[in-house]
Amino acid sequence: MSEVSHVPVLLEEAIDALNIRKDKTYVDGTFGRGGHSKAILARLGVRGRLFALDQDPAAISHRALEDPRLELIHARFSTMRHALAARGVREVAGILLDLGVSSPQLDDPARGFSFAREGPLDMRMDTTRGETAAQYLARADERELREVIRTYGEERFAQAVAAAIVAARGERPLRTTRDLAEVVGRAVRTREPGQHPATRTFQALRIFLNRELEELEVTLPQAVDLLERGGRLAVVSFHSLEDRIVKTFIRERARRDALPRGIPVRAADLPEPGLRAVGKAVKPAQAEVRRNPRARSAVLRVAEKLA
């Protein structure tokens, strides 16, 4: 899918979920190529504001969208509270997080996210900082590799893959996506229909190197703190590890505080929960999955701040 044709997954559903009010302030936590931001701006009035963050300098420099109501910020979404406070913003009406890697990132061989075309083993969302996949694979011991691939890729052949990586790098460095994909392909004995044997290992390394799950866990509480009463949080996730974190967070924040059994307090007198889940989890329709197979694992969850 080219940049020109790139359309975010669950676009209309996510924008509808924000319940946008024309003169309010919103946050797009992952600008990408501006698809969500453009849709949000289309529903805002002239006094509305939108802050869009992205840790990928390519997304910021691309300038896919120009609008006086929009401010682009080169930052991880886990820093949104600080980034907004620096701009005098303490409260917003809605926050959208579209997690994972975008189509332009996947389709650019130079980024190293995909094994579809050969490129350097980079995998960093923010190419201005941090360790590349090639650097990590050159230094990590077999035990650590096994745990990373098992935990973040849910790869049942993690032990075999880790051993194969260590053996291969002993002969020559793993520098390209093809180098890694070939090593993993030989180590994974069976594969899921329609899935390349290296899919889970590439996912694991990307999530680990970019600290994606840790970023999400840090971001969700501060996102809720930033929301005004009645504000909405909408999160689109693309694999079970992310979705589990989002689902658990919303469920726990939507629960009344529990008191030990026997304390004479009526349920009505307990403090109100901070969030309520809005509807059920939303998945793409079959028509969207046919247009964009990358949408097949997407899940949208929405919550509203109560107090």
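Residues numbered from 1 in each chain as written. Predicted model: local features only at pLDDT ≥ 70, side-chain atom pairs only at ≥ 80, totals over all residues. Heavy atoms only, no water.

Caption draft 1: Geometry of the overall build of the protein. In terms of helices and strands, the protein carries 13 helices and 7 strands. Against the globule reference of 19 Å for 307 residues, the protein gives a C-alpha radius of gyration of 21 Å, in line with a compact fold. Once the C-alpha set of the protein is aligned to its principal axes, its extents read approximately 65 × 55 × 40 Å. A total of 307 residues make up the protein; the buried ones form 52% of that total. A separation of at least 24 residues holds for 66% of the contacts in the protein among residues at least 6 apart in sequence. For the protein, the computed accessible surface area is about 15,300 Å², with 49% contributed by carbon and sulfur atoms. In the protein, 52 side chains carry a positive charge and 43 a negative one; their mean positions are 3 Å apart. (Helix = DSSP H or I, 4+ residues; strand = E, 2+ residues; numbered from the N terminus. Rg over C-alpha atoms; globule rule 2.2 N^0.38 Å. Buried < 20%, exposed > 50% of the residue type's maximum accessible area, 1.4 Å probe, protein only. Contact = heavy atoms within 4.5 Å. Areas by Shrake-Rupley, 256 points an atom, 1.4 Å probe, with all protein chains shown as cover. Lys, Arg positive; Asp, Glu negative; His and termini not counted. Charge placed at Lys NZ, Arg CZ, Asp CG, Glu CD.)

Caption draft 2: Region of the structure containing the environment of Ile165. Mapping Ile165 onto the fold places it in helix H8 (residues 158–169). Considering only alpha carbons, one finds Ile165 and Asp179, 14 residues apart in sequence, at a separation of 9.8 Å. Not counting the four nearest positions on each side in its chain, Ile165 is found in contact with Leu137, Leu145, Ile149, Leu174, Leu180 and Val183.

Caption draft 3: A look at the packing of aromatic side chains. Under the definition given, this model contains 3 aromatic pairs. Seen in terms of ring centroids, Phe115 and Phe202 are 5.1 Å apart; in terms of plane orientation they differ by 85 degrees. Their pairing is edge-to-face. Of this pair, Phe115 sits in the loop between helix H5 (103–107) and helix H6 (133–139) while Phe202 sits in helix H10 (residues 199–209); the two residues are 87 residues apart in sequence, bridging distant segments of the chain. Residue Phe115 is classed as partly exposed on the basis of its relative accessible area, which comes to 26%. Judged by relative accessible area, which is 3%, Phe202 ranks as buried. Here the aromatic rings of Tyr152 and Phe208 are separated by 6.0 Å at their centres, their planes lie at 45 degrees, and the arrangement is tilted. Within this pair, whereas Tyr152 is found in helix H7 (residues 142–153), its partner Phe208 is found in helix H10, the two being separated by 56 residues in sequence. (Phe/Tyr/Trp six-rings, centres within 6.5 Å; stacked < 30°, edge-to-face > 60°.)

Caption draft 4: Broad picture of H10. Counted residue by residue, H10 has 9 buried out of 11 residues, so it is predominantly covered. Listed in full, the buried residues belonging to H10 are Thr201, Phe202, Gln203, Ala204, Leu205, Arg206, Ile207, Phe208 and Leu209. Looking at the buried residues of H10, the elements they touch are H6, H7, H8, helix H9 (177–187) and helix H11 (212–226). Immediately downstream of H10, the backbone of Arg211 shows phi near 50 degrees, a positive value.

Caption draft 5: The arrangement of the sheet that holds strand E3 (residues 70–74) in detail. Read across the open sheet, the 7 strands follow the order E3-E2-E1-E4-E5-E7-E6; overall the sheet is mixed. Each having just a single partner strand, E3 and strand E6 (275–277) make up the two edges of the open sheet. Between one strand axis and the next, the sheet turns through 20 degrees on average, direction left out of account. Note: strand E4 (residues 92–98) against strand E5 (residues 227–237), 6 bridges, orientation parallel. The residue bridging Leu96 from the neighbouring strand is Ala234, located in E5. Those strands touched by H11 are E4, E5, E6 and strand E7 (299–305), and its axis lies near 150 degrees from that of E5. Strands E5, E6 and E7 of the sheet are contacted by helix H12 (residues 240–253), whose axis makes an angle of about 25 degrees with E7. (Pairing = 2+ DSSP bridges. Axes fitted to C-alpha atoms, helices over the stretch in contact; angles between N-to-C directions.)

Caption draft 6: Region of interest: unusual backbone geometry. Positioned with a positive phi, Asn19 is a non-glycine residue whose angle comes to about 50 degrees. Summarising the element assignment, Asn19 is placed in the loop between helix H1 (11–17) and strand E1 (25–28). Relative accessible area serves as the criterion here: at 41%, Asn19 is assigned to the partly exposed category. The backbone of Met123 shows a phi angle near 75 degrees, a positive value even though the residue is not glycine. On the secondary structure map, Met123 appears in the loop between H5 and H6. Among the residues examined, Met123 registers a relative accessible area of 0% and is labelled buried.

Caption draft 7: Region of the structure containing the pattern of salt bridges. Considering all chains together, one arrives at 24 salt bridges under this definition. As a salt-bridge pair, Arg87 and Glu71 come within 2.6 Å of each other at their nearest N and O atoms. Of this pair, Arg87 sits in the loop between helix H4 (80–85) and E4 while Glu71 is found in strand E3, placing the two residues 16 residues apart along the sequence. Under the relative-accessibility criterion, Arg87 is labelled partly exposed at 32%. A salt bridge links Glu215 to Arg76; the nearest nitrogen and oxygen atoms lie 3.7 Å apart. Of this pair, Glu215 sits in helix H11 while Arg76 sits in the loop between E3 and H4, and the two are 139 residues apart along the sequence. (Salt bridge = Lys/Arg side-chain N within 4 Å of Asp/Glu carboxyl O.)

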